[in-house]
Amino acid sequence: MEERRIKPGTILLVVFLLIGAAAVAIQWPMNQEMNRTLAVESAATPTPTSDVRSMMAVTLPPGVTPKPTVMLLKPGVQGDEVTKLQNRLKELGYYTGEVDGQYGPGTQQAVMLFQAQHGLDEDGIAGETTRNTLYATNAQMYIPTPAPTETPSSLSKGAEGDSVQRMQERLKELGFYDGDCDGDFGPGTQQAVRLFQSQHGLEVDGAAGEMTLGLLYSEQAKQVTVTPTPDPNAPPLLVNRTHKLDSSYQPAQLVLLRNALPEDVVYVKGSEIEGDPTAVAALEEMFRAAIADGVEDWQISAGYRSVGYQEKLFNNKVAEYRDEGMSGDRARSAARQTVADPGTSEHHTGLAFDITTPGKTFMGTPQQKWLHEHCWEYGFIIRYQEGKEKITGFAAECWHVRYVGTAHSIPMRDQGLCLEEYLGEVE
């Protein structure tokens, strides 16, 4: 048998393969170590990416309009957006004041109540988040903060007991009440409730209902705002057709005349007639002096009137003249002789009162004669006098008095001046 011989080329190939295998065996651990090092470095320093923010901010794509900054509604702001806000807050029960388009304390308080109930920051500012929540279909109706369990849901004049005493103590703590905490809901307590309601944007009715009590015992209840005592020497406020009060005008403080004036001194014809407290005190002093002179049987028929109520009176008078066959312009002109346009009535100030006698025409009565002679001594003037119609713009009204203080009423009497003449406001 012939012996097979290995070729030289085969021997060389085998040698090279053995050398390559040895090299791989030697390099493998080194490659593994390099891979581990690279992984550690990659994790420590991420691969940088280009920052394109500055390039994107240079120009907006065609047709894209930047989203406008939402207007913040806060105290002092006024306009249609505030009116819309007030309407929505009122619809949900958070706001009970007048919808006048002015962001005042009452509106701010309502916004804070809404924010508190919806878990928002209670800053009283209606920003984007607050308004989006407010106008959403799932916005919650107002849920008053529960008063203490022992407190009834409503307290009003004539009520007695621990609940009234607790309320008096809370009103006193906030500075609205300075009487005895005796558990008797009398005139003083009623006035304190009215003042609290007025300064918190609530309906002013003097009855402590669910909303009033809820706010009274809540953390949102504010300390009383003390009204500065007017300077008796300051010029009286002039209100007439050329000096119209702003629609938002509100007297600093009003009291119910039936609470403030004793029944044995004067009969107050309406249970809701109000007046400035200084003027009302002067009324009592004047009536007591008249009774001491033997002139009794006094009645007060009108006091403070809101602009809205004055508008109703004016429109009713115009309607009367229209029913008599007058044209619209003639009817309004005739109405202006006896009823002031809204915003031009002195009754808006809380300083003017209509004084009469029950069941009688006032002109020519002993009461009318005494009033015209002596009212000046107590700070009152006969506002619309006979012979001054062209100056005042109104027909004479013997029953209409206006409080200006004795520093002004005495000189006006002595010089025979009406208010326009006294203030130099005569054309």
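Residues numbered from 1 in each chain as written. Predicted model: local features only at pLDDT ≥ 70, side-chain atom pairs only at ≥ 80, totals over all residues. Heavy atoms only, no water.

This part is about unusual backbone geometry. At D297, a position not held by glycine, the phi torsion is positive, near 65 degrees. For D297, the position within the fold is in the loop between α10 (277–292) and β4 (299–302). When its relative accessible area of 40% is taken as the criterion, D297 is described as partly exposed. (Helix = DSSP H or I, 4+ residues; strand = E, 2+ residues; numbered from the N terminus. Buried < 20%, exposed > 50% of the residue type's maximum accessible area, 1.4 Å probe, protein only.)

Taken as a whole, the largest pocket spans an internal volume of roughly 1500 Å³. Every residue lining the largest pocket is counted, 47 residues in all, and those nearest its centre are E98, S198, V204, Q250 and Y304. No other element matches the 5 residues that helix α7 (residues 187–199) contributes to the lining of the largest pocket. The computed volume of the second largest pocket comes to approximately 720 Å³. Lining the second largest pocket are 27 residues, with P230, D276, T278, L351 and Y403 positioned closest to its centre. Counting only elements with at least two residues in the lining of the second largest pocket, the list comes to α10, β7 (397–403) and α15 (406–415). (1 Å grid on protein atoms, 1.4 Å probe; cavity = no way out; pocket = protein on both sides within 12 Å on 5 of 7 lines; lining within 4 Å. Points joined across faces, edges and corners; volume = space filled by probe spheres on them.)

Before going further, it helps to examine empty space enclosed by the protein. Throughout the structure, instances matching the rule amount to 1 cavity of 30 Å³ or more. Computed from the structure, the largest cavity encloses a volume of approximately 40 Å³. Taken together, Y94, Y95, G106, Q109, A110, L113, H200, G201, L202, M211 and L215 make up the lining of the largest cavity. Going through the elements one at a time, α4 (105–117) and α8 (210–216) are the ones with two or more residues in the lining of the largest cavity.

Attention now moves to the environment of R322. Its location among the elements puts R322 in helix α11 (residues 307–323). When its relative accessible area of 45% is taken as the criterion, R322 is described as partly exposed. Placed 10 residues apart in sequence, R322 and R332 show a C-alpha to C-alpha distance of 8.9 Å.

Residue-level pLDDT values for the protein average 85, and 81% of them are 70 or greater. Counted against residues more than four places away or in other chains, residues 37–58, with its pLDDT under 50, gives 0 contacts. (pLDDT = per-residue confidence, 0-100. Contact = heavy atoms within 4.5 Å.)

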